[in-house]
Amino acid sequence: MADQHPEIADLLSEHRRFDPPAAFAAAATITDPGLYARGAEDPEAFWASQAGELEWYTPWTRVLDWAPPHAKWFTGGTLNASVNCVDRHVRGPRRNKAALIWEGEPGDRRTLTYFDLYRQVSQFANVLTRLGVRRGDRVALYMPLIPELAIAMLACARIGAVHSVVFGGFSAESLRDRINDAQATLLVTADGGWRRGAVVPLKQMADEALREAPSIKNVVIVQRLQGSPVPVPLQEGRDHWWHRLMMDAPLTCDPERMDAEDMLFILYTSGTTGKPKGIVHTTGGYLTQVAATTRWVFDLKEDDVYWCTADIGWVTGHSYLVYGPLANGATVVMYEGAPDWPARDRVWEVIERYGVTILYTAPTAIRAFMRWGTEWPGKRDLTSLRLLGSVGEPINPEAWVWYHRFIGGERCPIVDTWWQTETGGMMIAPLPGLTRTKPGSATRPLPGISAEIRRDDGTDIPVGGGLLALTRPWPSMLRGIYGDMDRYVKTYWSRWTPDIYFTGDGAKRDADGFFWVLGRVDDVLNVAGHRIGTMEVESALVDHPQVAESAVVGRPHEIKGQALCAFVTVKEGVHTSDVLAAELKDHVAKKIGAIAKPDDIIFAADLPKTRSGKIMRRLLRDIAEGKALGDTTTLADPGVVARLKDQYQGTE
Ligand code: PRX
């Protein structure tokens, strides 16, 4: 792709470094390099000073209680997340500041001030209470990207209920499984949402899910579509319209005093088995780290207009669209739909319309923008931008440099932020007024965070490649996997000693101490910035009556980072065809969601296995990537691979 832009070729040289632009650095919030030293010398005191920026009812008695691998932060402290994100701003000059500037895909717009948010969060908290939701209960949210989603989250936080947001692109079955795992008692959804000009019929899918989700007693439905043809039958006694309930809900609601370690939310993410993990986050430590990192890494100022393009269904939306920015009293832009609807300049149009100053998006999106061409951003005024961010997957240097030049006009620092659903907040990222950056590197661990590159045997690799490990607990770390502590210990804390967290990522550190995260080393794929477990897709495929066996691997993809390549063997007597391949793709979309639809289905007479019967994924990856074959000596029948390879190349 670099060939298309000769202007960026010279910026791509191996040794190219980008110092913080002088004008940016002069006005930056963090210019004291001593922050790193303070974070390293006494991490507990350092994080306690960050926690002090929040509003607490009662202060903590202990900063960290660490019984590896179980951590408690700020024990004894009590606070409320909705008070920190809303109430404390309405008491002062931010009362009528825009909190959320929302734009729907069809072009409808709404702005909610902090005072609007305060009233609606309080009202919806009262609605939840009236419907019987109590402190500690789980509430599932399956919604489009509309303000009511943020309102519902904060309303849960206000009364001490635990929210579990399920991305609106997931299927009815995925929703059902997540509701059942968390035993949620109430579901908030919408009649539908808009995506690329089409309606996503959320209530219909929710109804399908609820046929086998008996824990749900009440459903609240936001009317998003107004007059669209999608029918929304209401089930008497169970289903309620949001706007009806809000009409007579009181305008104030006393917040619950939550313990720092009380659960704030559960968010499901894919792992190496077929069953997604309910990642548990608690209140005090989570809010401390997301609020602090929002300030540092985005250099957030009072008059910034901040836009994170992620959906709230993912952790980025939780931490850096809702909790982090709102805890800081920021103005947040929220856009419901697709970036190329109705045209490929929608993102740039939104930036121009609201004077966005900070943009946080994913490499997949940047690569798509690159492909669409510079004429689209060129049509719009992007001079309001002052900082750019990247998250979710490794950013290739070409995309970094393109972003820097064509979107940032060479005046905006880029913050490449590495973190995970499990880490809750950013872990490796630059401080934009201080840190020199290199395209493709997330630079170094943030102050108060410590990371290493390790060998399998646990020894540290000062310079070179290995496994990325986190070597000290951090405030926004996951506290567990909902209902499965064993899996928590096994997945994250058993690779080395129980005090060292295994990220699942491979990374290298260069001679300057910069970290380069290379991607997953487990059976988790990152497709267009979305985490997908290969086992989940395999289970969905073998659920089809004509499939005998399947193995799913990733292959590099120019835009999406990775594409899903599924090898499938069919049952005796089944005829393979393009029609069957299309049916299998749809089957996966129905079981999991469209994001997990395989890009390729390769029918195979057999899958390569070791003598002990294990599928050799490495070989399949090589075939999918079109590479020369690796070692096949342990293979039960080496002929299988050669036949597969011929066949795959035949499909290209
Ligand atoms: O492989 C890493 C990749 O995304 C994984 C985490 O995915 P998820 O929990 O869905 O959270 C995504 C949003 C934080 C990581 O294990 N990843 C995330 N950010 C980066 C990254 N890889 C390289 N560079 C990044 N900046």
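Just so it is clear, the structure is predicted and the values come from calculations on it, not from any experiment.

Each value, and the rule that gives it
Residues numbered from 1 in each chain as written. Predicted model: local features only at pLDDT ≥ 70, side-chain atom pairs only at ≥ 80, totals over all residues. Heavy atoms only, no water. Near = heavy atom within 4 Å. Polar contact = N/O pair within 3.5 Å; in protein donor to acceptor, adjacent residues only side chain to side chain. Areas by Shrake-Rupley, 256 points an atom, 1.4 Å probe, with all protein chains shown as cover. Helix = DSSP H or I, 4+ residues; strand = E, 2+ residues; numbered from the N terminus. Domains from an automatic or database assignment. Contact = heavy atoms within 4.5 Å. Buried area = accessible area lost by both parts, 1.4 Å probe. Salt bridge = Lys/Arg side-chain N within 4 Å of Asp/Glu carboxyl O. Buried < 20%, exposed > 50% of the residue type's maximum accessible area, 1.4 Å probe, protein only.

## Describing the site of the ligand
The environment of the ligand is made up of 17 residues, and the closest members are Asp416, Thr417, Thr421, Asp505 and Arg531. A distance of 2.7 Å is found between an oxygen atom of the ligand and a side-chain nitrogen or oxygen belonging to Asp505. Protein coverage of the free-state accessible area of the ligand, which is 540 Å², stands at 96%. Elements represented by at least two residues in the shell around the ligand include exactly helix H12 (315-327), strand S20 (414-417) and strand S25 (515-520).

## Some details on the domain arrangement of the chain
Many analyses report the size of an interface as the accessible area lost when the parts associate. Annotation of the chain at the domain level lists domain 1 (32-67 + 75-338) and domain 2 (528-651). Facing 16 residues of domain 1, the contacting portion of domain 2 comprises 14 residues. For the domain 1 and domain 2 pair, buried surface summed over both sides reaches about 1,100 Å², with 45% attributable to carbon and sulfur atoms. Summed over the three residues of domain 1 that lose the most area to domain 2, namely Glu173, Ser270 and Trp314, the buried surface amounts to 38% of that side. The interface formed by domain 1 and domain 2 contains two salt bridges. At the surface where domain 1 touches domain 2, the tally comes to nine residue pairs in polar contact (both at pLDDT 80 or more).

## Quick look at the environment of Leu54
Here Leu54 lies in the loop between helix H4 (43-51) and strand S1 (62-67). Considering only alpha carbons, one finds Leu54 and Asn84, 30 residues apart in sequence, at a separation of 6.6 Å. Discounting chain neighbours no more than four positions away, the residues touching Leu54 are Leu79, Asn84, Arg88, Gly284, Leu287, Thr288 and Ala291.

## Notes on H12
Counting buried positions along H12 gives 13 out of 13 residues, so the element sits mostly inside the fold. Count one or two residues on from H12 and you reach Gly329, which has phi positive near 70 degrees.

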